[in-house]
Amino acid sequence: MKKVILTFLSITLSICTVVAQKKASSFDIQGNRGARGLMPENTIPSMIKALESGVTTLKMEVVISKDKQVVVSQEPYFNQEISISPDGEPITLKNQKNYNIYKMDYSEIKQFDVGSKPHPRFPHQEKFRIEKPLLADLIDKVEFFAKKKKLPKTVYNIETKLIRNGDNEFQPSPEVYVELVMAVVKEKKIEQRVIISSFDMRTLQYLHQKYPNIQTALGIDEKEDFENNIKALGFTPTIYSPYLPLVGKGLVDKCHAAGVKIIPWTVNTVKEMLYLKNLGVDGIITDYPNLMVEGK
């Protein structure tokens, strides 16, 4: 009888270990703009650095150029914090929106340097001259690197970055925006490994209507009831992605009860990550994926 009990306990322990390992491996560490804390944001070297750090998902933002190219960029203009103009003219907080990417062809956009200027909030970034890449080129480079290094195929979290009331000035209509992004996704055959995220509900609504099998993530930066946001969206997204201070056990439970994953942003310390894991979140978005992987 004692032998039977010991065998049962051994089997139970083995099952628990497998379940725990599976649960840990399913925790989604998303490298924000690649590895923004270590490399110039939304650049190919930043994405490669994130892959080397062991992320499961690469998080990036995209905007649209005048010649309808999908460009990897947080803003639809050249942010003064990170940008140097081709002619050396200072880009300032006051005039940065004059450097409107939607009014430039990509041949002009790639002349700007977005990697040499010291970042006031990320002093440990490596600095070197680099341009904003096309989404298609970034995917090609990432896929090549992952295959060469025999890494697991990454997931791409691609955020449509629209300015409120900016249609036809800083961006095309949501429908055109989504179709341009999806054209790249389909060309690169990553439909099964892509999440389209946005704070702009219109792009997600159009995407869900036209491409219902594509995973979606709703970004949230203001305190509002989960139920109200889902009602306004009009469908249940794959992921609910709130700003870190908005996350508590109640919100985690609401998301899971609705069958929605919750992945907060931006989580930049191991302490924050462990706190969120204990709450039961499904992953985190971080500028420092190296620290987050160490905290697993």
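Thresholds applied
- Residues numbered from 1 in each chain as written.
- Predicted model: local features only at pLDDT ≥ 70, side-chain atom pairs only at ≥ 80, totals over all residues.
- Heavy atoms only, no water.
- 1 Å grid on protein atoms, 1.4 Å probe; cavity = no way out; pocket = protein on both sides within 12 Å on 5 of 7 lines; lining within 4 Å.
- Points joined across faces, edges and corners; volume = space filled by probe spheres on them.
- Helix = DSSP H or I, 4+ residues; strand = E, 2+ residues; numbered from the N terminus.
- Nonpolar A, V, L, I, M, F, W, Y, C, P; charged D, E, K, R; others polar.
- Polar contact = N/O pair within 3.5 Å; in protein donor to acceptor, adjacent residues only side chain to side chain.
- Contact = heavy atoms within 4.5 Å.
- Buried < 20%, exposed > 50% of the residue type's maximum accessible area, 1.4 Å probe, protein only.
- Pairing = 2+ DSSP bridges.

1. Focus on the layout of surface pockets
And step 1. If you add up the space inside the largest pocket, you get close to 900 Å³.
And step 2. For the lining of the largest pocket, the elements supplying multiple residues, two or more each, are strand E2 (57-64), strand E4 (155-160), strand E5 (194-198), helix H6 (201-210) and strand E6 (215-220).
And step 3. Per element, the largest residue contribution to the lining of the largest pocket is 4 residues, and it comes from E6.
And step 4. By residue class, the composition of the lining of the largest pocket is 10 nonpolar, 13 polar and 17 charged.

2. Points about the side chain of serine 198
And step 1. Within the secondary structure layout, serine 198 lies in strand E5.
And step 2. There is a polar contact of 2.9 Å between the side chain of serine 198 and the backbone nitrogen of aspartate 200.
And step 3. Of the polar contacts made by the side chain of serine 198, one reaches the side chain of threonine 203; its length is 3.2 Å.
And step 4. Discounting residues that sit within four places of it in the chain, serine 198 has contacts with Glu159, Thr160, Thr203, Leu204, Ala217, Leu218 and Gly219.

3. Observations regarding the pairing of E4
Two faces, one strand: in a regular strand the side chains alternate between the faces of the sheet.
And step 1. Extensive coverage of E4 is indicated by the burial of 5 of its 6 residues.
And step 2. As defined by bridge partners, E2 adjoins E4 across 6 bridges and the pair is classed as parallel. Counted as the bridge partner of threonine 57 is valine 155 from E4.
And step 3. Of the pairings in the sheet, the one linking E4 to E5 comprises 5 bridges and is parallel in character.

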